[in-house]
Amino acid sequence: SEFLCEGIAESIINRMDNIEELRVMSRNASFRHAGREGELREVAAELGVGAILTGHIRRRGDILTISVTLQDSQDGHLWGHIFERPVTGILDVEANIVDQISLGLSLNLSSDQSSRLKDNPTQSAEAYLAYLEGNFQQSRVEGLAYQRALKSYTEAIRLDQNFAHAHAGLALLYCSRGLGLHSPASEVRAKALAAATEAVRLNPNLPQAHIAIGFIRWLWDWDFTGAEEALRKAIGLKPDGAQAHQILAHVLSSQERFAEALAASQESTRLEPMMLIFNSCQGHFLAWNGDEEKALAKMRDTVNRDPMFGHAHVYLGRELIAQNDLEAGIV
């Protein structure tokens, strides 16, 4: 049930992110602290938040038991509840949890905000579960994860052809496959564009769909104007979406707009300070802006955070070689 734990947590984050006066930490920043429930004050201080939501999920057959606790970082317990529902009631459980969180935080929500918090991306619980499984597998790097994600997204779409999120997830899966050079453009580009276009048609306000369009225009089409337009659309819909800012940085750098690229990269790392790939890329953009000293410091910082992160070693090695430090460049 690991995919359920991550999926429900991410869905709650995305729903609560619709409240403008509330700052909600991203999936990546939050998930890095999983298992540290005995250190809530320390975690809250590291994340810079005033309250933390923790939860446990147990699945027995078709029954889900979800225990949730909302705690103030200083004063302790604010609210807690145990939900027991059939798996088919997962969407209602998420809406109930979000509703209780807003009450626990004493938020005065407008009717429009309340409506958006309870808005479900699909009415099919089976399609939603397949979509969560697809997201879970896409975030993994194991060899079979791609095929599992592909199967899950395809199943979600089969169960609900109007499920825009599933179409967008499928499009981004194809994009990541192409970016990693695992599949040739001839194999995945058309599939990615078809899925992204369908997602936009079904939900023009879905940021992930526009991110996928921007990705395709940049990665395969070299249509930098079209890519920038799509990514800025995504940012307009979700200003705190770090992925859109990061891809925009690459699009801008492809046009030799290096200062703008650095600014976009810095925004992505501000929004997702724990994402090593964003941190590493920022070092790359610093170098292209002629600030070699800061570039090296940023790349070394990334390597120090995770010595096993190969991407940072590659960028660091390139920069050292560019500065004629050939011996040190072998990292």
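Anyway, here's the lowdown on the structure attached to this text. Nothing here was measured: the structure is a model prediction, and the numbers come from that model.

Reading the values: rules and limits
- Residues numbered from 1 in each chain as written.
- Predicted model: local features only at pLDDT ≥ 70, side-chain atom pairs only at ≥ 80, totals over all residues.
- Heavy atoms only, no water.
- Salt bridge = Lys/Arg side-chain N within 4 Å of Asp/Glu carboxyl O.
- Helix = DSSP H or I, 4+ residues; strand = E, 2+ residues; numbered from the N terminus.
- Buried < 20%, exposed > 50% of the residue type's maximum accessible area, 1.4 Å probe, protein only.
- Axes fitted to C-alpha atoms, helices over the stretch in contact; angles between N-to-C directions.
- Parallel < 35°, antiparallel > 145°, perpendicular 65-115°, else oblique.
- Left-handed = near helix turned anticlockwise from the far one by under 90°.
- Contact = heavy atoms within 4.5 Å.
- Pairing = 2+ DSSP bridges.
- Phe/Tyr/Trp six-rings, centres within 6.5 Å; stacked < 30°, edge-to-face > 60°.
- Disulfide = S-S within 2.5 Å.
- Expected span 1.5 Å × (residues − 1).
- Arc of directions from axis to C-beta.

### So, the pattern of salt bridges
Turning to step 1, where the next piece is worked out: Under the criterion given, the structure shown has 12 salt bridges.
Turning to step 2, where the next piece is worked out: Across the salt bridge formed by arginine 189 and aspartate 221, the nearest N and O atoms sit 2.8 Å from each other. Separated by 32 residues along the polypeptide, arginine 189 in helix H9 (residues 185-202) and aspartate 221 in the loop between helix H10 (207-219) and helix H11 (224-237) bring together distant segments of the chain.
Turning to step 3, where the next piece is worked out: Put simply, glutamate 260 and arginine 257 hold a salt bridge, and the shortest N to O gap is 2.9 Å.
Turning to step 4, where the next piece is worked out: Take glutamate 260: its relative accessible area is 38%, and that puts it in the partly exposed class.

### Some remarks on the packing of helix H14 (residues 276-288) against helix H16 (residues 310-322)
The geometry of a pair of packed helices is captured by two quantities: the angle between their axes and the separation between those axes.
Turning to step 1, where the next piece is worked out: Contact geometry of H14 with H16 gives a least axis separation of 9 Å together with a crossing angle of 15°. Overall, the two elements H14 and H16 adopt an arrangement that is roughly parallel. Relative to H16, H14 is oriented so that their crossing is left-handed. Every residue of H16 that contacts H14 at Ile277, Ser280, Cys281, His284 and Ala287 is listed here: His311, Ala312, Tyr315 and Glu319.

### Focus on the pairing of strand E2 (residues 63-72)
Turning to step 1, where the next piece is worked out: Examined bridge by bridge, strand E1 (residues 51-60) and E2 share 10 bridges and lie antiparallel to one another. Counted as the bridge partner of glycine 55 is valine 68 from E2.

### Focus on the packing of aromatic side chains
Turning to step 1, where the next piece is worked out: On inspection of all chains with the given rule, the structure shows six aromatic pairs.
Turning to step 2, where the next piece is worked out: Geometrically, the ring pair formed by tyrosine 131 and tyrosine 153 is tilted, given 6.2 Å between the ring centres and 50° between the ring planes. Of this pair, tyrosine 131 sits in helix H6 (residues 125-138) while tyrosine 153 is found in helix H7 (residues 145-159), placing the two residues 22 residues apart along the sequence.
Turning to step 3, where the next piece is worked out: On the accessibility criterion, tyrosine 131 (11% relative accessible area) is buried.
Turning to step 4, where the next piece is worked out: Between phenylalanine 215 and tryptophan 218, the ring centres sit 5.9 Å apart and the planes meet at 50°, which makes this aromatic pair tilted. Pair noted here: phenylalanine 215 and tryptophan 218 are both in helix H10, with a separation of three residues, about one helical turn.

### Comments concerning the state of the cysteines
Turning to step 1, where the next piece is worked out: Per the counting criterion, the structure on display carries zero disulfides.
Turning to step 2, where the next piece is worked out: There is no disulfide at cysteine 175, and the cysteine sulfur nearest it, in cysteine 281, is 16 Å away.

### A look at the side chain of aspartate 17
Turning to step 1, where the next piece is worked out: Here aspartate 17 lies in the loop between helix H1 (2-16) and helix H2 (27-31).
Turning to step 2, where the next piece is worked out: Given the relative accessible area of 19%, aspartate 17 is considered buried.

### Some details on H7
Turning to step 1, where the next piece is worked out: Helix length check: H7 (15 residues) gives 21 Å between terminal C-alpha atoms against 21 Å at 1.5 Å per residue, within 8%.
Turning to step 2, where the next piece is worked out: Within the sequence span of H7, burial applies to Ala145, Tyr146, Ala149, Leu150, Ser152, Tyr153, Ala156 and Ile157. Mapping the buried residues of H7 onto a view down its axis gives an arc of 165°, with all of them on the same face. Turned more than 90 degrees away from the buried face of H7 sit Lys151 and Arg158, all of them exposed.
Turning to step 3, where the next piece is worked out: Contacts from the buried residues of H7 go to H6 and helix H8 (164-179).

### Comments concerning the sheet that holds strand E3 (residues 76-86)
Through backbone hydrogen bonds, the strands of a sheet pair up, either in parallel or in antiparallel fashion.
Turning to step 1, where the next piece is worked out: The antiparallel open sheet is built from three strands, whose spatial order is E1-E2-E3. If you trace the sheet from one side to the other, it starts and ends with E1 and E3, each paired once. On average, each strand axis in the sheet is tilted by 10° relative to the strand beside it, whichever way the strands run.
Turning to step 2, where the next piece is worked out: Taken together, the 10 bridges between E2 and E3 define a ladder with antiparallel strand orientation. For isoleucine 66, the partnering residue across the bridge sits in E3 and is phenylalanine 83.
Turning to step 3, where the next piece is worked out: In the packing of H1 onto the sheet, the strands contacted are E1 and E2, and the crossing angle to E1 comes to about 145°.
Turning to step 4, where the next piece is worked out: Where helix H4 (residues 90-104) meets the sheet, it contacts E1, E2 and E3, and its direction lies at approximately 165° from that of E3.

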